[in-house]
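The chain contents come next:
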Amino acid sequence: MPVIRTIAMPADTNPAGDIFGGWLMAQMDLAAGNVAVRRARGRCATIAVDGMSFLKPVFVGDEVSLYARIVSSGRTSMRIAVEAWRRRREEEDAQRVTEATFTFVAIGEDRRPVPLP
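Predicted model, so just to flag it, every value in this text is computed and none were measured.

Draft legend 1. Here's a closer look at the nonpolar core. Leu-24, Met-28, Leu-66, Met-78, Ile-80 and Phe-104 are the most contacted members of the largest nonpolar core, which has 25 residues in total. The dominant element in this core, judged by the number of residues it contributes, is helix α1 (residues 21-40), at eight residues. Apart from residues lying up to four places away in sequence, Leu-24 is in contact with Phe-54, Val-58, Val-64, Ala-84, Val-97 and Thr-98.

Here's what the structure looks like:
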C-alpha cells in the first residue's frame, strides 16, 4: 500500500512540461518522513539521501504513488527505502520512476538526536 498517492500538476513542471525531479524528490522525502515519524513516535529530520536515478519521466496528470519501508535502524537513525511509481490516470499499468534511500534521525524538542523507542 502506498504511503502517499498524489497527482502531478502543471505547477510542478519545468519549461518543457515535464515534472521537476525536485518535486518528485520532495514527495519521496515526505513519504519517508511519514514512516520515520511513526517508527520514532516523534519528530525526525532527513540527514542524507543516497543517489537517485530517474528511470522514466513523470507527466502532468500522472498519478504518483510512493512506497516506503525501513531497511535498517540504529540507536537514533534509520534508513528508509522509497520507490516512486507513475500511472497514467486512464490506464492500469504503473511504471517505476525512481528509488532512493533516505536516512532520518529521531530528534527531541531541542532538535538533538534521541534514541529510537
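From this point, things continue past the structure.
Draft legend 2. Fine view of the pattern of salt bridges. Overall, the coordinates contain seven salt bridges when judged by the stated rule. Of the charged contacts, one joins Arg-86 and Asp-62 as a salt bridge, the two residues approaching to 2.6 Å between their closest N and O atoms. Placement of Arg-86 in strand β4 (residues 77-87) and of Asp-62 in the loop between β2 (44-49) and β3 (63-73) is noted, with a sequence separation of 24 residues between them. Residues Arg-86 and Asp-62 agree in their burial class; the two are buried. Ionic pairing is found between Arg-87 and Glu-63, a salt bridge with its closest N-O pair at 3.1 Å. Here Glu-63 lies in strand β3 and Arg-87 lies in strand β4, a separation of 24 residues in the sequence.

Draft legend 3. Summary view of the sheet that holds strand β1 (residues 4-7). Spatially, the five strands line up as an open sheet ordered β1-β3-β4-β5-β2, and their pairing is antiparallel. Here the strands that pair on one side only, and so sit at the sheet edges, are β1 and β2. Each adjacent strand pair in this sheet contributes to an overall mean axis angle of 30°, direction not counted. Where α1 meets the sheet, its contacts fall on β1, β2, β3, β4 and β5 (95-106), and the angle it forms with β5 comes to roughly 45°.

Thresholds, definitions, all that
- Residues numbered from 1 in each chain as written.
- Predicted model: local features only at pLDDT ≥ 70, side-chain atom pairs only at ≥ 80, totals over all residues.
- Heavy atoms only, no water.
- Core = buried A, V, L, I, M, F, W, Y, C linked by side-chain atoms within 4.5 Å.
- Buried < 20%, exposed > 50% of the residue type's maximum accessible area, 1.4 Å probe, protein only.
- Helix = DSSP H or I, 4+ residues; strand = E, 2+ residues; numbered from the N terminus.
- Contact = heavy atoms within 4.5 Å.
- Salt bridge = Lys/Arg side-chain N within 4 Å of Asp/Glu carboxyl O.
- Pairing = 2+ DSSP bridges.
- Axes fitted to C-alpha atoms, helices over the stretch in contact; angles between N-to-C directions.

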